[in-house]
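# Structure at a glance
Each chain, letter by letter, is given below.
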Amino acid sequence: EIKALEKYQASIVAAKDHRFVHEEGLAHDKAAIFHLHHGRESDAMFHFTQARKCYLSWGANALVKAIENKISKLAKPLSH
């Protein structure tokens, strides 16, 4: 699990360093899903939010909507 987290973080950093905003968004999106599968909702929310920012910057409106749907579903259980 630790190695997977390191790989996600390395992917995020490399994409950001090279200004590949679409790849950075994808890495955040996948990291969020990984955290969800391991019961870390707040970490997942962080990565989904970062993915949304990247996709918005890239102009990928369909991906922004998809991430917003994931954030909305995740936020509902957290607010109770």
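What comes next concerns the included structure. This structure is a prediction, so every number in the text was calculated from the model and none was measured. (Residues numbered from 1 in each chain as written. Predicted model: local features only at pLDDT ≥ 70, side-chain atom pairs only at ≥ 80, totals over all residues. Heavy atoms only, no water.)

### Topic: the side chain of glutamate 24
Within the secondary structure layout, glutamate 24 lies in helix 2 (residues 21–37). For the buried residue glutamate 24, which engages in no salt bridge, the nearest side chain bearing the opposite charge is lysine 16, 4.3 Å off. When residues no more than four places from it in sequence are discounted, the contact partners of glutamate 24 are Ile12, Ala15, Lys16 and Cys54. (Helix = DSSP H or I, 4+ residues; strand = E, 2+ residues; numbered from the N terminus. Buried < 20%, exposed > 50% of the residue type's maximum accessible area, 1.4 Å probe, protein only. Lys, Arg positive; Asp, Glu negative; His and termini not counted. Salt bridge = Lys/Arg side-chain N within 4 Å of Asp/Glu carboxyl O. Contact = heavy atoms within 4.5 Å.)

### Observations regarding the pattern of salt bridges
Pairing between side chains of opposite charge can happen when their charged atoms approach one another. Counting across every chain of the model gives four salt bridges. Where arginine 40 meets aspartate 43, a salt bridge forms, and the shortest distance between an N and an O atom there is 3.9 Å. Relative accessible area serves as the criterion here: at 22%, arginine 40 is assigned to the partly exposed category. Of the charged contacts, one joins arginine 52 and glutamate 68 as a salt bridge, the two residues approaching to 2.9 Å between their closest N and O atoms. One end of the pair, arginine 52, is in helix 3 (residues 41–58); the other, glutamate 68, is in helix 4 (residues 61–78), and 16 residues separate them in sequence. Salt bridges sharing common partners tie together Glu1, Arg40 and Asp43.

### What about the packing of aromatic side chains?
Within this structure, the stated rule accounts for one aromatic pair. Ring geometry for tyrosine 8 and phenylalanine 34: centres 5.4 Å apart, planes at 50°, overall tilted. Here tyrosine 8, found in helix 1 (residues 2–17), pairs with phenylalanine 34, found in helix 2; they are 26 residues apart in sequence, far enough to count as distant. (Phe/Tyr/Trp six-rings, centres within 6.5 Å; stacked < 30°, edge-to-face > 60°.)

### As for the packing of helix 2 against helix 3
The description of two packed helices rests on the angle between their axes and on the distance between the axes. In contact at an axis separation of 8 Å, helix 2 and helix 3 are set at 160° when each is read in the N-to-C sense. Between helix 2 and helix 3, the angle is such that the two are roughly antiparallel. The handedness of the crossing between helix 2 and helix 3 comes out as left-handed. Contacts between helix 2 and helix 3 involve Val21, His22, Glu24, Gly25, Leu26, His28, Asp29, Ala31, Ala32, Ile33, His35 and Leu36 on the former and, on the latter, Glu41, Asp43, Ala44, His47, Phe48, Gln50, Ala51, Cys54, Tyr55, Ser57 and Trp58. (Axes fitted to C-alpha atoms, helices over the stretch in contact; angles between N-to-C directions. Parallel < 35°, antiparallel > 145°, perpendicular 65-115°, else oblique. Left-handed = near helix turned anticlockwise from the far one by under 90°.)

### Notes on helix 1
Between the first and last C-alpha of helix 1 there are 22 Å, a value that for 16 residues agrees with the 22 Å anticipated at 1.5 Å per step. A positive backbone phi angle near 60° is found at arginine 19, which sits one or two residues after helix 1. (Expected span 1.5 Å × (residues − 1).)

### Focus on unusual backbone geometry
For arginine 19, which is not glycine, the phi torsion reads 60° and is therefore positive. The topology assignment puts arginine 19 in the loop between helix 1 and helix 2. Using a relative accessible area of 76% as the deciding quantity, one classes arginine 19 as exposed.

Nothing here speaks to function; it is all geometry.
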